[in-house]
Amino acid sequence: MPESFKDAISGFVFAFLQERNLHIQMFAAVVVIVFSLMIHVSLVELMIVFILIGGVISLELVNTAIERLVDLVTQEEHPMAKAAKDTAAAAVWWFSLISAIIYLFIVLDSLI
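Residues numbered from 1 in each chain as written. Predicted model: local features only at pLDDT ≥ 70, side-chain atom pairs only at ≥ 80, totals over all residues. Heavy atoms only, no water.

(A) The packing of aromatic side chains, seen in detail. Scanning the model with the defined rule gives 2 aromatic pairs in all. Taking the centre distance of 6.4 Å and the plane angle of 15° together, the rings of F12 and F16 count as stacked. Of the two residues, F12 and F16 both sit in helix α1 (residues 3–18), 4 residues apart, roughly one turn of that helix. Relative accessible area serves as the criterion here: at 30%, F12 is assigned to the partly exposed category. Taking the relative accessible area as the measure of exposure, F16 reaches 30% and is therefore partly exposed. Ring plane angle 50° and centroid distance 6.0 Å describe the contact between W93 and W94, whose orientation is recorded as tilted. Here W93 falls in the exposed class, since its relative accessible area comes to 53%. (Phe/Tyr/Trp six-rings, centres within 6.5 Å; stacked < 30°, edge-to-face > 60°. Helix = DSSP H or I, 4+ residues; strand = E, 2+ residues; numbered from the N terminus. Buried < 20%, exposed > 50% of the residue type's maximum accessible area, 1.4 Å probe, protein only.)

So yeah, pure geometry; function would need other evidence.
Below, the structure is given as structure tokens:
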């Protein structure tokens, strides 16, 4: 296995072990996938669900990286450090919100 894959897997494992939000998101992803299969979401819609899940988890990983980098640079409470962390967290929140709205439309389309 190439070293870059090992590094990526190591980063994912680190984030998964350290970040409670990633646990919640992974659990939610499993629930969403199982529910989608139960209501017979179309293949195209299921692919969209996977893209949305991938986007949320990817943003959470980037958020974790930004938080760790900011903590490495300064442990002091600084407005710019707070802004960087808050903005990264907002990216996860915003994509999660949009993903939930899209998923609602997918569920409604499958049930109606």
